[in-house]
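Residue-level listing of the chains:
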Amino acid sequence: MVHSMRISGGSSKVSRAAAPLLLIAAVVALIFCCSWSWKDTLSYDKTETTNRYLEAAAQPLIDHSEKLQMLRDSEDIWFSIYRNKDMYAELKEKQKIQLQLRAELLERQQGNNFEPLSVCGRHTNVGTMQDLALLQHFNMDTCPGANSKNLLLIQGDLAHGRTGNNLIEFLHGLQLAHDEDYQLAITPNSWAFDMLLKMWFNSSHDDDWEAKFEKAFCVKIVHPNDSLKGWNLVPHQLNPRNSVIITKHLFNYESELPLDEYVAFQSRFIQTLFRHYNTAPEDMCSGINAIFGEERTHVVYSAIHNRHLEGAPGVRLMQGMSRGSGCHPTAALEMEPEYVKSILKPIGMLNHPIVLITDGQNPEVARRLIEDPEIGPMLRLVPESASWIGGDLTLAIMSNVFIGNPASSFSGFIAKSRIAFGFGQNHLFRAKLSTDIGKVEWVTTCGDACIFDKKVMGNMS
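Remember, predicted model here, so these are calculated numbers, not experimental data. (Residues numbered from 1 in each chain as written. Predicted model: local features only at pLDDT ≥ 70, side-chain atom pairs only at ≥ 80, totals over all residues. Heavy atoms only, no water.)

## A short note on the overall build of the protein chain
Thinking step 1. Looking only at helices and strands, one finds 19 helices and 13 strands in the protein chain.
Thinking step 2. Buried positions account for 54% of the 461 residues belonging to the protein chain.
Thinking step 3. Taken as a whole, the protein chain presents about 20,000 Å² of accessible surface, with 49% of it coming from carbon and sulfur. (Helix = DSSP H or I, 4+ residues; strand = E, 2+ residues; numbered from the N terminus. Buried < 20%, exposed > 50% of the residue type's maximum accessible area, 1.4 Å probe, protein only. Areas by Shrake-Rupley, 256 points an atom, 1.4 Å probe, with all protein chains shown as cover.)

## Considering the sheet that holds strand E11 (residues 426-427)
Thinking step 1. The parallel open sheet is built from five strands, whose spatial order is E9-E8-E7-E10-E11. Edge positions in the open sheet fall to strand E9 (379-381) and E11, since each of these has one partner strand only.
Thinking step 2. Taken together, the three bridges between strand E7 (residues 302-306) and strand E10 (residues 401-403) define a ladder with parallel strand orientation. Paired with Ala303 across the strands is Phe402, a residue of E10.
Thinking step 3. Packed on one face of the sheet, helix H18 (residues 409-420) meets E7, E10 and E11 and runs near 155 degrees to E10. (Pairing = 2+ DSSP bridges. Contact = heavy atoms within 4.5 Å. Axes fitted to C-alpha atoms, helices over the stretch in contact; angles between N-to-C directions.)

## With respect to the nonpolar core
Thinking step 1. One finds Phe170, Trp200, Phe213, Phe274, Phe413 and Phe421 to be the most contacted residues of the largest nonpolar core, which totals 109 residues.
Thinking step 2. Beyond its immediate stretch of four places on either side in the chain, Phe274 contacts Leu117, Val119, Trp200, Met284, Thr394, Ile397, Phe413, Ser417 and Phe421. (Core = buried A, V, L, I, M, F, W, Y, C linked by side-chain atoms within 4.5 Å.)

## Some details on unusual backbone geometry
Thinking step 1. For the peptide bond that leads from Val234 to Pro235, omega is 0 degrees, which places it in the cis range.
Thinking step 2. Along the polypeptide, Pro235 turns up in the loop between strand E6 (232-234) and helix H10 (243-251).
Thinking step 3. Here Ala280 and Pro281 are connected by a cis peptide whose omega angle stands at -5 degrees.
Thinking step 4. Unlike most non-glycine residues, Asp181 shows phi in positive territory, near 60 degrees.
Thinking step 5. Looking at where Asp181 falls in the secondary structure, it is placed in the loop between helix H7 (163-180) and strand E4 (183-186).
Thinking step 6. For Asp181, a relative accessible area of 37% corresponds to the partly exposed category.
Thinking step 7. Phi is positive for Met335, which is not a glycine, with a value near 45 degrees.
Thinking step 8. Within the secondary structure layout, Met335 lies in the loop between helix H14 (331-334) and helix H15 (337-344).

## Considerations on the pattern of salt bridges
Thinking step 1. Under the defined criterion, the tally for this structure stands at eight salt bridges.
Thinking step 2. When the shortest N-O distance is used, the salt bridge between Asp206 and Lys212 registers 2.8 Å.
Thinking step 3. Here Glu374 and Lys345 are joined by a salt bridge, their closest N and O atoms 3.7 Å apart. Of the two residues, Glu374 is situated in the loop between helix H16 (363-371) and E9 and Lys345 in the loop between H15 and strand E8 (354-358); the sequence distance between them amounts to 29 residues.
Thinking step 4. Counted as one network, the salt bridges with shared partners bring together Lys341, Lys345, Asp372 and Glu374. (Salt bridge = Lys/Arg side-chain N within 4 Å of Asp/Glu carboxyl O.)

## Quick word on the packing of aromatic side chains
Thinking step 1. Taken as a whole and judged by the stated rule, the model has 15 aromatic pairs.
Thinking step 2. Aromatic pair Phe213 and Phe217: ring centres 5.1 Å apart, planes at 55 degrees, arrangement tilted. With Phe213 and Phe217 both in helix H9 (residues 209-217) and four residues apart, this pair spans about one turn of that helix.
Thinking step 3. Residue classification places Phe217 among the buried positions, given a relative accessible area of 5%.
Thinking step 4. Site record: aromatic cluster; members linked through ring pairs are Phe170, Phe193, Phe201, Trp209, Phe213 and Phe217.
Thinking step 5. The lysine or arginine in question, Lys149, covers the ring of Trp231, its NZ or CZ lying 5.0 Å from the ring centre. (Phe/Tyr/Trp six-rings, centres within 6.5 Å; stacked < 30°, edge-to-face > 60°. Lys NZ or Arg CZ within 6 Å of the ring centre and 35° of its normal.)

## A look at the state of the cysteines
Thinking step 1. Enumeration according to the criterion identifies three disulfides in this entry.
Thinking step 2. Along the protein chain, the cysteines engaged in disulfide bonds are linked according to the scheme 1-4, 2-3, 5-6 when indexed in sequence order.
Thinking step 3. Cys327 takes part in no disulfide bond, and the closest cysteine sulfur to it belongs to Cys446, at a distance of 8.3 Å. (Disulfide = S-S within 2.5 Å.)

## Description of helix H11 (residues 259-274)
Thinking step 1. With 16 residues, H11 should cover 22 Å at 1.5 Å per step; its first-to-last C-alpha distance of 23 Å lies within 8% of that length.
Thinking step 2. H11 sits mainly inside the fold: 15 of its 16 residues count as buried. (Expected span 1.5 Å × (residues − 1).)

Printed below as a string of structure tokens:
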């Protein structure tokens, strides 16, 4: 029997203006990572210690890339934000500038604080040189609200929606505080901490978690006896004491930042969460450990997130996604074997484990996949004893291929996290189209960055 897990559903403002220097960093750094060795790229004079350091930082990626060569996308995931070939050619002309940028980043990151991020023993691209080059312009030297008296307060135990929506609301709160120069504050008994501390910043085993949380996200934790005298609670037009109204406001917030800047900020927030993931009392690695055990660090697998979204409401949400992205209006809800195989077969992933994460609302999806002669033998289900939201979330994020439902805010967070980690192979926007030779086949209609794009995702971006 398929284990049923209740996963939140749910239904933000970004233009497509390019930030040239960020693109230079992203494109060239990724080109270098995939085309040359670290020593050839960094041709300036460095000490032997530095060279050993670079080799150690790059080796996990080299090992992993050899194993996963079949999964390489035809375009770098960060560059999929941009389709202009002339812009791409112009950026390639500026590689000398990028070499200097990489040199400066290396000088700044040679201390002990530089550490590539792994989650549950599986490597990400976070903390590597290309990641630093990509996001270096979005590190906040000063916290938002440092010179402001406007306080955005998250409080109360009631919120809008379930886990997927609540994650959007927290990330939007961080973004709003940055965009408007607000001081973000959270009360210990709020819905935000009730959600976050189960998965990150282990409050039950770390006496210093509050200080770490405040520093990591530039927020204040406001206790019941703390005075708010002198602060202006924002937004002014809403009742700041009504947590449901405030969370709806956060959920519906759409940043005015250009798309590439918005992706970078949101990615940094997500990366920060996973630098503090919990392994007790509830273990974010429970799903990976239960299914793969000692193979968890190197196993190659795919993850499918099936979210039925309460039937008719889910269909309406998917129709909206279809209008914005061109994807099929129901395929990601139904997860037919044909649809799944159209993704996995061309990249050889039908020969590797396939993990199904489901809300259990439509058991027919699991039945069809189990009965399929190609998918069924490779299908894995999370044991009930190891299944919970955090464990299932990490299991999907750390997969080599992810197939999700763009109308699900839970799938959306998984896809955003994977992009924040530098992972490709995120399949949410697909449609069946006729090719130039008249053959009808499934194709991707919207790239990785679409999950962050308000023109596609609206307030779920």
